[in-house]
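The lines below spell out each chain.
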Amino acid sequence: MKTPTKIAMRQLLSELRGIAPHRPLTYGESLQVARVQAARLRRWAEATEPDINLIWLVRQRLVPVSFVPSYKLGEQSGLTTDRVSGRLEMFVNHSEPELRQRFSLLHEFKHVLDFDDAGGTARQARRW
């Protein structure tokens, strides 16, 4: 898959965010929304194998991804915030094994999808 343009990423984010109702969800509802979003993302990425290639997510520039040392993340695996540069960004701990980084990247992407409805919780992350 080619690296998506910012316009294509905006459309993808809009489509995936549109799946979730704009109201508080029960835990079960949030799991179901995440499953539907994941299935739609797999179709969008034309993923036919269990392993989905995530290089497009790393290379896209709408919500930049940075691989950073663990001390910059308070030893956490990842962080999604708009408090560092004023724009939404994903940070992944590059000190962790590649498989864990892969999980963290998708986990942070889910935070990107939910960021506008997070009610400030996602914005609580401290500045570096």
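Details of the structure are given in the entry above.
Residues numbered from 1 in each chain as written. Predicted model: local features only at pLDDT ≥ 70, side-chain atom pairs only at ≥ 80, totals over all residues. Heavy atoms only, no water.

Asks: Just checking my understanding: could you explain the nonpolar core for this structure?
Replies: Buried together is how nonpolar side chains tend to be arranged in soluble globular proteins. Formed by 22 residues in total, the largest nonpolar core has its most connected members in L12, W56 and F109. Every element with two or more residues in this core is listed here: α1 (6-18), α2 (27-44), α3 (55-59), β3 (89-93) and α4 (98-114). Residues contacting L12, with those up to four places away along its chain left out, are L41, W44, W56 and F109. (Core = buried A, V, L, I, M, F, W, Y, C linked by side-chain atoms within 4.5 Å. Buried < 20%, exposed > 50% of the residue type's maximum accessible area, 1.4 Å probe, protein only. Helix = DSSP H or I, 4+ residues; strand = E, 2+ residues; numbered from the N terminus. Contact = heavy atoms within 4.5 Å.)

Asks: Is there a simple way to explain the packing of α1 against α2 in this structure?
Replies: Packed helices, taken two at a time, are described by their axes: the angle between them and the distance between them. Between α1 and α2, whose axes approach to 9 Å, the crossing angle comes to 150 degrees. One finds that α1 runs roughly antiparallel with respect to α2. Helix-helix and strand crossings are classified by hand; for α1 and α2 the assignment is right-handed. On α2, the residues touching L12, E15, L16 and R17 of α1 are Q37, R40, L41 and W44. Along the lines of polarity and charge, the residues of the contact of α1 with α2 split into four nonpolar, one polar and three charged. (Axes fitted to C-alpha atoms, helices over the stretch in contact; angles between N-to-C directions. Parallel < 35°, antiparallel > 145°, perpendicular 65-115°, else oblique. Left-handed = near helix turned anticlockwise from the far one by under 90°. Nonpolar A, V, L, I, M, F, W, Y, C, P; charged D, E, K, R; others polar.)

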